[in-house]
Amino acid sequence: MALSPREVLARMLLMRRFEEMVITLARAHKLGRQHLAIGNEALGAAALMQLRAGDLIYTTHRNHGHMIARGVDPGKALAEILGRAGGLNGGKGGTWHMTDPSLGFQSTSAMVGGSIGLSVGGAFALKHKKTDNVAVALFGDGALDEGIAYEALNIASLYALPVLFLCENNSKEGEAQTSRLATKELTAVPKALKIACASVDGGDPEAAGKAVATALAHVRDGNGPYFLEAQLVRWPGSHQTVHAFTTGVTDVTAAWDSAKASNVHAEWQRTDPILRTARTLIARGTVTREDVVALDNAAAVTMAKARGFAEASPYPKPEAALAGVFV
Ligand SMILES: Cc1ncc(C[n+]2csc(CCOP(=O)(O)OP(=O)(O)O)c2C)c(N)n1
Ligand SMILES: [Mg+2]
């Protein structure tokens, strides 16, 4: 089933306004390190919106976008980031370890490469249950210099496990990659292990959606794992320890209004997947400028409500520290 471009844009706007709310809250509540998914919205929405009940998702330190893309409650996610009892995990997971098993997020690992190992375990279980569900590993290019990536990819290939390896590559070709990988071609790794693979422009939700659909069909049909590299443009603020509105608060009207477009952030505004997608859909007549503004306003209202819920949620009681401790 093809995704509706308007719904994908709406989800991308939710993801963006969620992360901007995280910046606002992190400053107001003096929070520490966050890893934001600004710039990853097209791939995230196009991929996660195609998953089904029963699919298993393993994400990373940069998980917020994936969770919002899959439909996780933004109020509970913000409360989790604030360490509140009303958070997805009672405030114990925080920004790096948020999970929501009801939507397939069983375990989130901030250990670079951890999601790859976990996904192969999940895929092993799915194969034994003989379902057509899939496991999805989300990870950055940096994960490919971790030993666990090689063991896990190899096992997935040997046992033809139902797993989609979805790599968000935000290192530019020719630049030093986050990973210290001896090849600049990331797909050389899965190719060598006989895993089907492809690369796609991760800033284009339609191209990414089609590539993910092909990958998911391959995996669901029992053909073994698939490795998809999504090439992303890194948001200039992504390296900060404490985030700021490095490229300004997103103004969707900059997609068409040259007076709103900034000279300072011109390069970002050219590649920003939200503005890019808005421009494409408006040019094609799929949405109007007014539609884009209305979808964006709706996202802002959702996030204001989510903030209200999160800030009203109490901190966990001291006794809660021992709940969920097995040994
Ligand atoms: C095993 C391990 N080593 C180091 C770190 C510290 N660390 C956190 S994010 C990061 C970079 C990860 O790069 P990449 O996987 O490409 O993701 P990106 O942040 O670029 O989205 C590192 C080294 C970690 N979390 N886990
Ligand atoms: Mg990276």
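Conventions and cut-offs
- Residues numbered from 1 in each chain as written.
- Chains lettered and ligands numbered in written order.
- Predicted model: local features only at pLDDT ≥ 70, side-chain atom pairs only at ≥ 80, totals over all residues.
- Heavy atoms only, no water.
- Near = heavy atom within 4 Å.
- Polar contact = N/O pair within 3.5 Å; in protein donor to acceptor, adjacent residues only side chain to side chain.
- Areas by Shrake-Rupley, 256 points an atom, 1.4 Å probe, with all protein chains shown as cover.
- Nonpolar A, V, L, I, M, F, W, Y, C, P; charged D, E, K, R; others polar.
- Helix = DSSP H or I, 4+ residues; strand = E, 2+ residues; numbered from the N terminus.
- Contact = heavy atoms within 4.5 Å.
- Salt bridge = Lys/Arg side-chain N within 4 Å of Asp/Glu carboxyl O.
- Donors = N, O, S within 2.8 Å, 3.2 Å for Na, K, Ca; no water.
- Buried < 20%, exposed > 50% of the residue type's maximum accessible area, 1.4 Å probe, protein only.
- Phe/Tyr/Trp six-rings, centres within 6.5 Å; stacked < 30°, edge-to-face > 60°.
- Core = buried A, V, L, I, M, F, W, Y, C linked by side-chain atoms within 4.5 Å.
- Axes fitted to C-alpha atoms, helices over the stretch in contact; angles between N-to-C directions.
- Parallel < 35°, antiparallel > 145°, perpendicular 65-115°, else oblique.
- Left-handed = near helix turned anticlockwise from the far one by under 90°.
- Pairing = 2+ DSSP bridges.
- Right-handed = clockwise from strand over helix to strand, strands pointing away.

Trainee: Would you mind showing me how to read the site of ligand 1 here?
Mentor: Residues in contact with ligand 1 amount to 13 residues; listed here are only the nearest, His-61, Arg-62, Ala-110, Gly-142 and Asn-170. Within the side chain of His-61, an N or O atom sits 2.9 Å from an oxygen atom of ligand 1. Within the backbone of Gly-142, an N or O atom sits 2.7 Å from an oxygen atom of ligand 1. Here ligand 1 loses 67% of its free accessible area of 580 Å² to cover by the protein chains. A breakdown of the residues in the shell around ligand 1 according to their chemical character gives four nonpolar, five polar and four charged.

Trainee: Explanation requested: the side chain of Asp-55 in the structure shown.
Mentor: Position of Asp-55 relative to the elements: it lies in the loop between α2 (41–48) and β1 (56–58). A distance of 2.7 Å separates a polar atom in the side chain of Asp-55 from the backbone nitrogen of Arg-52. Here the side chain of Asp-55 touches Val-134 through a polar contact of 3.0 Å, landing on its backbone nitrogen. If near-sequence neighbours (up to four positions away) are discounted, Asp-55 is found in contact with Gly-104, Asn-133, Val-134 and Arg-220.

Trainee: Mind showing me how you'd approach the environment of Gly-83 here?
Mentor: Its location among the elements puts Gly-83 in the loop between α4 (74–81) and α5 (114–129). Apart from residues no more than four positions distant in its own chain, Gly-83 is found in contact with Gly-91, Tyr-315 and Pro-316.

Trainee: What's the story with the pattern of salt bridges in this structure? I'm lost.
Mentor: When their charged atoms lie close together, side chains carrying opposite charge are able to pair. For the coordinates displayed, the defined rule picks out 12 salt bridges. A salt bridge links Arg-17 to Asp-296, with the nearest nitrogen and oxygen atoms 2.8 Å apart. Of this pair, Arg-17 sits in helix α1 (residues 5–28) while Asp-296 sits in helix α11 (residues 289–312), placing them 279 residues apart in sequence. The partner of Glu-267 in a salt bridge is Arg-270, with the nearest N and O atoms 2.8 Å apart.

Trainee: Can you walk me through the coordination of the magnesium ion (ligand 2) in this structure?
Mentor: Working reference: metal with six octahedral donors, ideal angles 90 or 180 degrees; metal with four tetrahedral donors, ideal angle 109.5 degrees. Listed as protein donors to the magnesium ion (ligand 2) are Asp-141 (OD) and Asn-170 (OD1); their distances from the metal cover 2.1 to 2.2 Å. Pair noted here: Asp-141 is in the loop between β2 (135–140) and α6 (147–158) and Asn-170 is in the loop between β3 (163–169) and α7 (188–192), with a separation of 29 residues, a long-range link. The exposure class of Asp-141 is buried, given its relative accessible area of 1%.

Trainee: Looking at this model, I keep getting lost on the packing of aromatic side chains. Mind explaining?
Mentor: How two aromatic rings sit relative to each other is given by the distance of their centres and the angle of their planes. Tallied over the full model, the rule gives two aromatic pairs. When the centroid spacing of 5.8 Å and the interplanar angle of 70° are considered together, the rings of Phe-124 and Tyr-159 count as edge-to-face. Highlighted residues: Phe-124 in helix α5 and Tyr-159 in the loop between α6 and β3, separated in sequence by 35 residues. Tyr-159 gets classed as partly exposed once you look at its relative accessible area, which sits at 47%.

Trainee: When you look at the nonpolar core in this model, what are you seeing that I'm missing?
Mentor: For soluble globular proteins, the rule of thumb is that nonpolar side chains tend to be buried together. Core analysis: the biggest nonpolar cluster contains 67 residues, and Phe-18, Leu-48, Leu-78, Leu-164, Leu-166 and Leu-228 have the highest contact counts within it. Setting aside chain neighbours within four positions, we find Leu-228 in contact with Leu-164, Phe-165, Leu-166, Cys-167, Ala-198, Ser-199, Val-200, Ala-211 and Val-212. Counting 24 residues, the second largest nonpolar core, distinct from the first, contains Leu-56, Ala-135, Ala-149 and Val-163.

Trainee: Honestly, the packing of α1 against α11 in this entry has me stumped. Any pointers?
Mentor: When two helices pack together, their arrangement is given by the angle between the helix axes and the distance between those axes. For the pair α1 and α11, interaxial distance at closest approach is 8 Å and the crossing angle is 40°. Classified by the angle their axes make, α1 and α11 are oblique. The handedness of the crossing between α1 and α11 comes out as right-handed. In this structure, α1 contributes Arg-6, Leu-9, Ala-10, Leu-13, Leu-14, Arg-17, Phe-18, Met-21, Thr-24, Leu-25 and Ala-28 to the contact, and α11 contributes Asp-291, Val-292, Leu-295, Asp-296, Ala-299, Ala-300, Thr-302, Met-303, Ala-304, Arg-307 and Glu-311.

Trainee: Where do I start with the pairing of strand β4 (residues 196–201) in this structure?
Mentor: The side chains of a regular strand alternate, residue by residue, between the two faces of the sheet. In the sheet, β4 pairs with strand β5 (residues 226–231) via six bridges, with the strands oriented parallel. Each bridged residue has a counterpart across the sheet, and for Val-200 the counterpart in β5 is Ala-230. In this region the chain leaves β4, passes through helix α8 (residues 205–220) and returns to the parallel neighbour β5; the handedness of that crossover is right-handed.

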